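Chain and residue survey
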Amino acid sequence: MSQTINYANPAPLGLMGFGMTTVLLNIHNAGFFPISAMILAMGLCYGGIAQVIAGILEFKKGNTFGLTAFTSYGFFWISLVVLLIMPEMELGGAAETTPHAFMAWYLLMWGIFTAFMFVGTLRGNKCLQFIFGSLTVLFFLLAARDFTGSALIGKIAGFEGLICGLSAIYLAMAEVINEQYGREVLPIGEPK
């Protein structure tokens with residue numbers, strides 16, 4: 001007789017890692033605080049490592065979208081921290097590069113990836129669609145900031161990123177609370 005294993009939902013872990021780190025980085029992008037070790041550590045540990053773990057757990061559940069999203073964005077955060085600290089450590093010739101031009105291409109590629117992932121959310125709940133839609137806009141705004149050097153675009157991106165990160169935190173907590181109560185306490189716009 002085969003026993004069904006009921007795995008826990010790893011999505012709230014990944015969503016919180018993404019959401020909290022996105023909020024903190026975009027407080028910086030909006031111009032409230034300079035980049036700091038706190039943001040970099042959060043990006044490396046919770047935005048990076050926790051999301052990769054969540055993605056691996058999504059693999060175990062057979063969720064290709066969750067695997068791709070969480071591991072990709074986990075490694076986004078890890079690579080972003082590395083990109084930010086390498087010039088400070090004068091590693092890999094990073095200090096000789098033009099940071100804004102190269103960073104703009106990096107962010108543009110992530111925007112294109114995210115736009116494709118957004119298409120994958122169209123069969124999911126409205127909250128997930130909002131997260132990926134707003135994340136797509138965020139990456140394109142950040143790329144535009146770095147292509148143009150516009151501080152105004154960067155500030156707009158920061159506020160838009162705060163909304164994106166907060167929406168991920170909301171979905172994470174909705175999934176935890178709704179599961180705990182066995183009903184929809186916090187609405188997420190489930191598909192009909």
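**Here's the deal with the environment of N9**
Looking at where N9 falls in the secondary structure, it is placed in the segment before α1 (11-29). Considering only alpha carbons, one finds N9 and I27, 18 residues apart in sequence, at a separation of 29 Å. Those residues in contact with N9 that sit more than four places away from it in its chain are E58, K61, E175 and E179. From its side chain, N9 meets the backbone nitrogen of A11 in a polar contact 2.9 Å long. Of the polar contacts made by the side chain of N9, one reaches the side chain of E175; its length is 2.8 Å.

**Section: the nonpolar core**
Among the nonpolar cores identified, the biggest contains 34 residues, and L15 and Y73 are the most heavily contacted of them. Those elements giving two or more residues to this core turn out to be α1, α2 (37-60), α3 (64-89), α4 (99-121), α5 (126-148) and α6 (151-181). Here this core gets nine residues from one element, more than from any other, and that element is α5. Residues in contact with Y73, not counting those within four places in the same chain, are G47, Q51, W110, F113, T114, M117, F132, L135 and F139.

**Considerations on the packing of aromatic side chains**
Going through the model one piece at a time under the given rule, you end up with 13 aromatic pairs. Geometrically, the ring pair formed by F76 and Y106 is stacked, given 5.8 Å between the ring centres and 20° between the ring planes. Taken together, the residues F76 in helix α3 and Y106 in helix α4 connect sequence positions 30 residues apart. Here F76 and Y106 have matching classes, each one buried. Among the aromatic residues, those joined into a ring-pair cluster are F18, F65, Y73, F76, W77, Y106, W110, F113, F132 and F139.

**Observations concerning α3**
An ideal rise of 1.5 Å per residue puts 38 Å on 26 residues; α3 measures up with 37 Å between its terminal C-alpha atoms. Among the residues of α3, G66, A69, F70, T71, S72, Y73, G74, F76, W77, L80 and V81 are the ones counted as buried. Near the N-terminus of α3, the side chain that reaches the backbone nitrogen of F65, with its oxygen 3.2 Å away, is that of N63.

Conventions and cut-offs
Residues numbered from 1 in each chain as written. Predicted model: local features only at pLDDT ≥ 70, side-chain atom pairs only at ≥ 80, totals over all residues. Heavy atoms only, no water. Helix = DSSP H or I, 4+ residues; strand = E, 2+ residues; numbered from the N terminus. Contact = heavy atoms within 4.5 Å. Polar contact = N/O pair within 3.5 Å; in protein donor to acceptor, adjacent residues only side chain to side chain. Core = buried A, V, L, I, M, F, W, Y, C linked by side-chain atoms within 4.5 Å. Buried < 20%, exposed > 50% of the residue type's maximum accessible area, 1.4 Å probe, protein only. Phe/Tyr/Trp six-rings, centres within 6.5 Å; stacked < 30°, edge-to-face > 60°. Expected span 1.5 Å × (residues − 1).

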